Amino acid sequence: MGRLRAAASASVGLLGAMAPAGCEDRAAALSHPAPPRHEASAPCSGPRAGEPPTPPAADGRMPLPALVDQVRPAVVTVMTMRASPPSDEGATPGHPFGGGAPRVERAIGSGFVVAAEGLVLTSDHVVGDAFGIEVQLADERAFKAAVVGRDPALDVALLRLLGAESLRVVPLGSSAPVRPGDDVIVIGNPFGLGPTVTRGVVSATSRPMGAASLDGFIQTDAAINPGNSGGPLFNARGEVIGIATAIHADGRGISFALPIDEVLEVLPELRAAGRVDRGRMGISLQEVTPQLARVLKLPGRMGALLTEVEPEGPGARTGLRPGDVILSIEGRRLEHARDLARALRRTRPGEEVELTYRRDGADRRATVKLDRAAGGAPARLRPGDHAEQPLGVLASDALEGARIEAIAPQSAAAGNLEVGDVVLDLNGAPVRGGAELAARLRAAGRKDLLLRVRRNGATLYLAIPAR
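Parameters at a glance
- Residues numbered from 1 in each chain as written.
- Predicted model: local features only at pLDDT ≥ 70, side-chain atom pairs only at ≥ 80, totals over all residues.
- Heavy atoms only, no water.
- Helix = DSSP H or I, 4+ residues; strand = E, 2+ residues; numbered from the N terminus.
- Contact = heavy atoms within 4.5 Å.
- pLDDT = per-residue confidence, 0-100.
- Patch = residues over 30% accessible without salt bridge, like charges linked within 9 Å, V, L, I, M, F, W, Y side chains within 5 Å.
- Areas by Shrake-Rupley, 256 points an atom, 1.4 Å probe, with all protein chains shown as cover.
- Salt bridge = Lys/Arg side-chain N within 4 Å of Asp/Glu carboxyl O.
- Lys, Arg positive; Asp, Glu negative; His and termini not counted.
- Charge placed at Lys NZ, Arg CZ, Asp CG, Glu CD.
- Buried < 20%, exposed > 50% of the residue type's maximum accessible area, 1.4 Å probe, protein only.
- 1 Å grid on protein atoms, 1.4 Å probe; cavity = no way out; pocket = protein on both sides within 12 Å on 5 of 7 lines; lining within 4 Å.
- Points joined across faces, edges and corners; volume = space filled by probe spheres on them.
- Nonpolar A, V, L, I, M, F, W, Y, C, P; charged D, E, K, R; others polar.
- Pairing = 2+ DSSP bridges.
- Arc of directions from axis to C-beta.

Quick notes on the overall build of the chain
Here comes step 1: Counting secondary structure elements, the chain contains seven helices and 29 strands.
Here comes step 2: In the chain, once contacts between residues fewer than 6 apart in sequence are set aside, the share between residues at least 24 apart is 60%.

This is how it looks when you write it as structure tokens:
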């Protein structure tokens, strides 16, 4: 899908080179000195005291300026401080980091108030490794904040503003009825400029992000930039339908928001326990493409293709292995891999789930007892001798498999493999280095090929039809 990056926190240091504008952020000291404060020329505007709100239309919509006036007071700026390693300039054997102290980095994200007593939702990547958090309201009041709960898997965090009370809150809607073409607005603090409104439409729904991501996001052309992360995506009625999460690194007008329905499912657990306990099967998945369906002898696109099965994990203990296609869970047919990921997010450690899966053209059943959710690590590579490959590629040995070093234009591999891919399996059997891959490809001749590949830390299957 191309390169994606989080609409990550914007550096507070950017503000020092800019003239103050209305509603500039003010990074107050938490435990280290902050950059100089910039006083705004005028307070952020909002509904005036005693002024009745603009009534909505019959369908709940209202003029855009009136909508912004209603919701902007509940949108906040999240300012964080993180420790970064000291510079290695001037390093010596006795002082490998040059004797310097760890540096403090300040960054900015966005969020929104969901409870009047000071509960704020934002993205986990905004606050995950911060040692100090301050939240500034649209009226420029600032509060120190504590993390109530985090869910790194969903990239959402819940904060409590210390000493806050009777705050304006955003209305929370539903992402279920969202359709391409719906009007939306984003409010946040891009690049530390201050509260900013952008407008657009929903470009797509149920959009997966990257090879390893299995869930559906809301795609929009409303501008989202660094500093918007954690801020709200509103519908035309002023209801939050998503959380600004990521932008396409190579495109313009291609941004993504986490659907609010996914967040509302875990919010009570975040508030009560500070975390979300999920069941873990110890597997990695990908969608079944038409090409893969052909090679796997499936009637069409369906199910979830296993790309990795963690050794000694719940799936491996049950007998699952890479190349299996899970067709149903608890009797519910899986149309997409993300359907299985969504179902597993609703499970708990110790729970047993019934699966139907296909292997070598035959359907099988399994009962998997789930562990507590955890993550994995990408493979490390080692240098090796190059070997010429029949697919039109140049490959070298890797710690696991064969690393693709070059691809000839117009070859069978062009448009399928990428330089840097590590081929782990060929037609279901492990690959041990570039020379072995070359020999097995020659032996395969003009047959359909099924390759299991590691790319950018994720594992996926590629089907290369016979030519």
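With respect to the environment of A408
Here comes step 1: Within the fold, A408 resides in the loop between strand 25 (402–407) and strand 26 (422–426).
Here comes step 2: Sequence separation of A408 and V393 is 15 residues, and the distance between their C-alpha atoms is 6.1 Å.

A closer look at the confidence of the model for the chain
Here comes step 1: Per-residue confidence for the chain gives a mean pLDDT of 79, with 76% of residues at or over 70.
Here comes step 2: A low-confidence stretch, residues 93–99 stays under pLDDT 50, and its non-local contacts, those more than four residues away or across chains, total ten contacts.

Quick notes on the environment of R207
Here comes step 1: Along the polypeptide, R207 turns up in strand 10 (residues 196–207).
Here comes step 2: When the C-alpha atoms of R207 and F217 are compared, they prove to be 4.7 Å apart, with ten residues separating the residues in sequence.

A word on the environment of A272
Here comes step 1: With respect to the secondary-structure elements, A272 resides in helix 3 (residues 260–273).
Here comes step 2: Separated by 123 residues in the primary sequence, A272 and G149 have C-alpha atoms spaced 8.4 Å apart.

Considering a negative patch on the surface
Here comes step 1: Negative charge collects at one region of the surface, where E330, E351, E352 and E354 lie side by side.
Here comes step 2: Tracing the chain through its elements places E330 in the loop between strand 18 (325–329) and strand 19 (332–333).
Here comes step 3: Using a relative accessible area of 41% as the deciding quantity, one classes E330 as partly exposed.

Considering the side chain of R454
Here comes step 1: Relative to the assigned elements, R454 resides in strand 28 (residues 449–455).
Here comes step 2: You can call R454 buried: its relative accessible area is 9%.

Examining the layout of surface pockets
Here comes step 1: Considering only enclosed or pocket space, the second largest pocket measures out at about 550 Å³ in volume.
Here comes step 2: Looking at the second largest pocket, it is lined by 22 residues, and the ones nearest its centre are L296, G323, D360, G428 and L450.
Here comes step 3: Taken together, the elements giving at least two residues each to the lining of the second largest pocket come down to helix 4 (290–295), strand 20 (352–359) and strand 28.
Here comes step 4: Looking at the lining of the second largest pocket residue by residue, the classes come out as eight nonpolar, four polar and ten charged.

A closer look at the pairing of strand 14 (residues 255–259)
The two faces of the sheet receive side chains in turn, since in a regular strand these alternate between them.
Here comes step 1: Of all the five residues making up strand 14, five are buried; the element is thus mostly covered by neighbouring parts of the structure.
Here comes step 2: Relative to strand 14, strand 13 (residues 240–248) is paired through five bridges, and the arrangement is antiparallel. From the neighbouring strand, A246 faces strand 14, where its bridge partner is F256.

Observations concerning the pattern of salt bridges
Here comes step 1: In the structure shown here, the tally under the stated rule is 28 salt bridges.
Here comes step 2: Across the pair R346 and E265 runs a salt bridge whose closest N-O atoms are separated by 2.5 Å. In this pair, R346 sits in the loop between helix 6 (337–345) and strand 20 while E265 sits in helix 3, placing the two residues 81 residues apart along the sequence.
Here comes step 3: On the basis of relative accessible area, R346 is assigned to the partly exposed category, the value being 43%.

Considerations on helix 7 (residues 434–444)
Here comes step 1: Buried residues of helix 7: G434, L437, A438, L441 and A444, and no others. The buried side chains of helix 7 occupy one side of the element, clustering within an arc of 130° when seen end-on. Facing away from the buried side of helix 7, by more than 90 degrees, are the exposed residues A435, R442 and A443.
Here comes step 2: Looking one or two places after helix 7, you find G445, whose phi comes out positive at around 60°.

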